[in-house]
Amino acid sequence: MSTSTDVRLAVLGCAGVGKSAVVVRFLTNRFIWEYDPTLEATYKHEVVVDEETISLEIFDTAGQDESGSWTAWADALLLVYDITERASLTHASHIKALAARPLPVVLLGNKIDLEHTRQVSFEEGEQAAMELGAGFFECSACTSEGGLSEAFLELARETRRIRAAQSRPRRRSSTTHVRQAFSKMLTKIGS
Ligand SMILES: Nc1nc2c(ncn2[C@@H]2O[C@H](COP(=O)(O)OP(=O)(O)OP(=O)(O)O)[C@@H](O)[C@H]2O)c(=O)[nH]1
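Residues numbered from 1 in each chain as written. Predicted model: local features only at pLDDT ≥ 70, side-chain atom pairs only at ≥ 80, totals over all residues. Heavy atoms only, no water.

### Examining the overall build of the protein
Then, in step 1: Assigned secondary structure in the protein consists of five helices and six strands.
Then, in step 2: The N-to-C order of helical and strand elements in the protein reads β-α-β-β-β-α-β-α-β-α-α.
Then, in step 3: Split into buried and exposed, the 191 residues of the protein put 41% on the buried side.
Then, in step 4: Split by element, the accessible area of the protein, about 11,000 Å² in all, is 53% carbon and sulfur. (Helix = DSSP H or I, 4+ residues; strand = E, 2+ residues; numbered from the N terminus. Buried < 20%, exposed > 50% of the residue type's maximum accessible area, 1.4 Å probe, protein only. Areas by Shrake-Rupley, 256 points an atom, 1.4 Å probe, with all protein chains shown as cover.)

### A few points about helix α2 (residues 86-98)
Then, in step 1: Residues of α2 that are buried include every one of S88, L89, H91, A92 and I95, and no others. The buried residues of α2 occupy an angular sector of 160° when the element is viewed end-on, so they sit on one face. Every exposed residue of α2 that faces more than 90 degrees away from the buried side is listed here: A87, T90 and A97. (Arc of directions from axis to C-beta.)

### Remarks on the nonpolar core
Nonpolar side chains in soluble globular proteins tend to be buried together.
Then, in step 1: Grouped together as the largest cluster of nonpolar side chains are 26 residues, with contacts concentrated most on V11, V22, L56, L78 and F152.
Then, in step 2: Looking at this core, the elements with two or more residues in it are β1 (2-12), α1 (19-28), β2 (41-49), β3 (52-60), β4 (76-82), β5 (105-110) and α4 (148-167).
Then, in step 3: Here V22 is in contact with L78, L108, N110, C139, A141, L148 and F152, once residues within four sequence places are set aside.
Then, in step 4: Listed in part, the 23 residues of the second largest apolar core include L77, L79, I83 and F136. (Core = buried A, V, L, I, M, F, W, Y, C linked by side-chain atoms within 4.5 Å. Contact = heavy atoms within 4.5 Å.)

### Overview of the side chain of S140
Then, in step 1: Counting through the fold element by element, S140 comes out in the loop between β6 (135-138) and α4.
Then, in step 2: Here the side chain of S140 touches C142 through a polar contact of 3.1 Å, landing on its backbone nitrogen.
Then, in step 3: At a separation of 2.9 Å, a polar atom in the side chain of S140 contacts the main-chain amide nitrogen of T143.
Then, in step 4: Beyond its immediate stretch of four places on either side in the chain, S140 contacts N110, K111, I112, D113, E145 and L148. (Polar contact = N/O pair within 3.5 Å; in protein donor to acceptor, adjacent residues only side chain to side chain.)

### Some words on the pairing of β4
Then, in step 1: Where burial is concerned, most of β4 is hidden: seven out of the seven residues are buried.
Then, in step 2: Residues of β4 alternate between two faces, with A76, L78, V80 and D82 on one and L77, L79 and Y81 on the opposite face, all of them buried.
Then, in step 3: Where β4 lies against β5, six bridges are found, and the strand directions are parallel. Residue pairing for β5: L77 is matched across the bridge by V105.
Then, in step 4: The handedness of the β4 to β5 crossover, carried by α2, is right-handed. (Pairing = 2+ DSSP bridges. Right-handed = clockwise from strand over helix to strand, strands pointing away.)

### Concerning the side chain of S55
Then, in step 1: Within the element layout of this structure, S55 appears in strand β3.
Then, in step 2: Judged by its relative accessible area of 15%, S55 is buried.

### Topic: the packing of aromatic side chains
Then, in step 1: With the rule as written, the count across this model stands at three aromatic pairs.
Then, in step 2: Between the aromatic rings of F59 and W73, the centroid separation amounts to 5.4 Å while the plane-to-plane angle is 70°, which identifies the pairing as edge-to-face. Here W73 lies in the loop between β3 and β4 and F59 lies in strand β3, a separation of 14 residues in the sequence.
Then, in step 3: A relative accessible area of 15% means that F59 is categorised as buried.
Then, in step 4: Ring geometry for F122 versus F136: centroids 5.1 Å apart, planes at 65°, classification edge-to-face. One end of the pair, F122, is in helix α3 (residues 122-132); the other, F136, is in strand β6, with 14 residues separating them in the sequence.
Then, in step 5: Note on F122: relative accessible area 34%, which makes it partly exposed. (Phe/Tyr/Trp six-rings, centres within 6.5 Å; stacked < 30°, edge-to-face > 60°.)

Below is the structure:
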């Protein structure tokens, strides 16, 4: 198993969509019906992705952060909306626009246990994610159905992939090779 990587993950979305519930379910596999309206909180958690240990730092935001201040901190964004509140999907898309630089993003539709009051279909969520260039999952923090953990793991995996691509040495262009071959030839002729 290779060395650990740190990934900072910000969990965003409007108030009441279940950000804290999603984070707590991921960290402890539990669901608690009532949380204090979130004061911002940060958690650490280790996961193993493709045989590499990744140390996640998870920032559960207060749901009112319109400033985009988390962009300087975060490596990846988990945008949560509530499938029973159409406006929360619009809000999630709006948050993405606040990011000052490109970051891996996953859109997560929560509360699928409330199917009878669903306002946003799976297909609409998927379409919104495509427009955002984001991964997409639905879940219930309450019943643990759906791709809750996968959403976190996908962000860890994608961040690791981007880092690996950035640290890979760039290949020299073929023009550089040709130029070097010519200059070698000229040096030989000249000597
Ligand atoms: N039925 C159902 N209720 C949920 C689910 N997830 C969260 N809730 C409820 O939704 C409410 C809001 O959940 P929170 O986790 O506090 O939401 P939040 O997005 O962190 O809210 P803020 O802290 O105000 O930003 C609570 O009453 C939760 O019990 C879910 O998957 N299903």
